[in-house]
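Chain by chain, the residues:
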Amino acid sequence: MKPKLFLALGLLLACISCKQQNPDDSLLEFDVTASYPEKTVDIRDVADVEYLVLKSDTLYTMFLYLTDKYILTINGPERSFQVFDRTGHCVTEIARYGNGPEDYMPGGKWFIDDAKDEVYILSFPSKFQIYDAHRGDFKRTQKVFEDGKYDGLNFPFDGVSQWGEYMLFYDKSSTEYPYLLISRETGEQQRIPMHLEKLVKTMGEKPYKDDMVAVLPSNHTYFTQSGENLYLTSPSTDTVYACTPDLHYTPYLVRKPSVLDMETPILLSGFIDTKDYAFFSTEKMEFDFETFEDNEKKNYVLDRKSGKFFELSVENADYEGQEILLSPAGVLYEGMGSLRSANPRVGVITLDSEELLEADKAGKVKGKLKEALDELTDEPFVLMIMKMKP
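Residues numbered from 1 in each chain as written. Predicted model: local features only at pLDDT ≥ 70, side-chain atom pairs only at ≥ 80, totals over all residues. Heavy atoms only, no water.

## Topic: the sheet that holds strand E12 (residues 157–163)
Strand pairing in a sheet relies on backbone hydrogen bonds, with the paired strands running either antiparallel or parallel. Reading across the sheet, the 4 strands line up as E12-E13-E14-E15 and stay open at both edges, with antiparallel pairing between neighbours. A strand with exactly one partner marks an edge of an open sheet, and here the two such strands are E12 and strand E15 (189–192). The average angle at which neighbouring strand axes cross in this sheet is 25°, direction not considered. (Pairing = 2+ DSSP bridges. Helix = DSSP H or I, 4+ residues; strand = E, 2+ residues; numbered from the N terminus. Axes fitted to C-alpha atoms, helices over the stretch in contact; angles between N-to-C directions.)

Here it is in structure tokens:
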């Protein structure tokens, strides 16, 4: 896949305000403040569920990324990465933290290319270091940004994803070209034009002390794949665009009221597509710096057959009391747009081992999850992998 920009359309869209005043009647329209009929489902009604305990002699502390072939974790204190196969067995470790030519300074972005068995780790702030997924050996460096252009205070890229031969970034500082494509083959860069009247923040900030600022991130998503296509969900626009591999993009959904008119913005993240449904969510940008509780999030589903929206509650019969946010923000991405699943139809979350053990004592853990729990020794979590049904 090699995107080619439709210049005429791009210039047209760049001249149109993303604060939609009169959306086309044929577009989907969703009111983020409205009440919708409620629907409750068990996760196994809509997805095939797998629980997996990762077995390794090497310590890991956090799950990062899932593909069809691999699982990536990190040992936070050591800044080392572990690669597992999809059965949960450790394949190799990448421990190259440092400033050498084959080392990395972790920049919070990573992914794995299954076809080439390569692990990409952003070495902050200008390059990806690429390692062999089987042996952990260094293979090459790919520069993506100019040396000295960004530092810890002005690095503008929140999201990164694979899209065919391209790496896709979201530039949260741009009001004209927020989507950046960089070829993994040639380094060629392209930007998708999208005029934004103003930038809507996706994190909360509060003055702390000594000129310091406390920051709380949201879990908003900037783009989500649907087959070979993308949904572009900039937080600063009222329109969700559907984008094809040749960069021909058209309005898909318009939200109201305008995000630009809301004193406390409500952001929309979508979509996980199936034949009959589209799952998405909203998040209210109301940050609590006293309790640090999560922002209010609501799950929704579009029933394609009826064209109706429902507020969704997703439960798990294997884990009493668990509520799953079945949307890209809940099962495909971490905070600040970090992708955690390469497959847009396969969601993944971590279930904390200590919480599971306490729930098990209370008789709240059953079925396949109970079997996975019995495999635990000192692993920090159990992976819950959800493959959406057609």
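## Here's the deal with the sheet that holds strand E1 (residues 28–31)
Spatially, the 5 strands line up as an open sheet ordered E1-E21-E20-E19-E18, and their pairing is mixed. In this open sheet, the two strands that pair with only one neighbour each are E1 and strand E18 (223–226). Here the strands of the sheet are splayed against their neighbours by 25° on average, with no regard to which way each runs. As judged from the 4 bridges shared by E1 and strand E21 (residues 249–256), these two strands associate in the parallel manner. Bridge pairing in E21 places Leu28 opposite Leu253.

## Side note on the packing of aromatic side chains
Per the stated rule, a full pass over the model turns up 31 aromatic pairs. Judged by centre distance (5.5 Å) and plane angle (80°), the rings of Tyr60 and Phe84 are edge-to-face. Here the residue Tyr60 occupies a position in the loop between strand E3 (47–52) and strand E4 (62–66), and Phe84 occupies one in strand E6 (residues 80–85), the gap between them amounting to 24 residues. Considered together, Tyr60 and Phe84 belong to a single accessibility category, that of buried residues. Centroid distance Tyr60 to Phe381: 5.5 Å. Interplanar angle 65°. Geometry classified as edge-to-face. Placement of the pair is Tyr60 in the loop between E3 and E4 and Phe381 in strand E28 (residues 381–388), with a sequence separation of 321 residues. Overall, the relative accessible area of 4% leaves Tyr60 in the buried class. Joined through ring pairs, the aromatic side chains of Phe30, Tyr36, Tyr231, Tyr252, Phe271, Phe280, Tyr300 and Phe309 make up one cluster. Against the face of Phe310 rests Lys39, its NZ or CZ located 4.5 Å from the ring centre. Arg79 extends its terminal NZ or CZ atom over the ring of Tyr97, reaching a point 4.7 Å from the ring centre. (Phe/Tyr/Trp six-rings, centres within 6.5 Å; stacked < 30°, edge-to-face > 60°. Buried < 20%, exposed > 50% of the residue type's maximum accessible area, 1.4 Å probe, protein only. Lys NZ or Arg CZ within 6 Å of the ring centre and 35° of its normal.)

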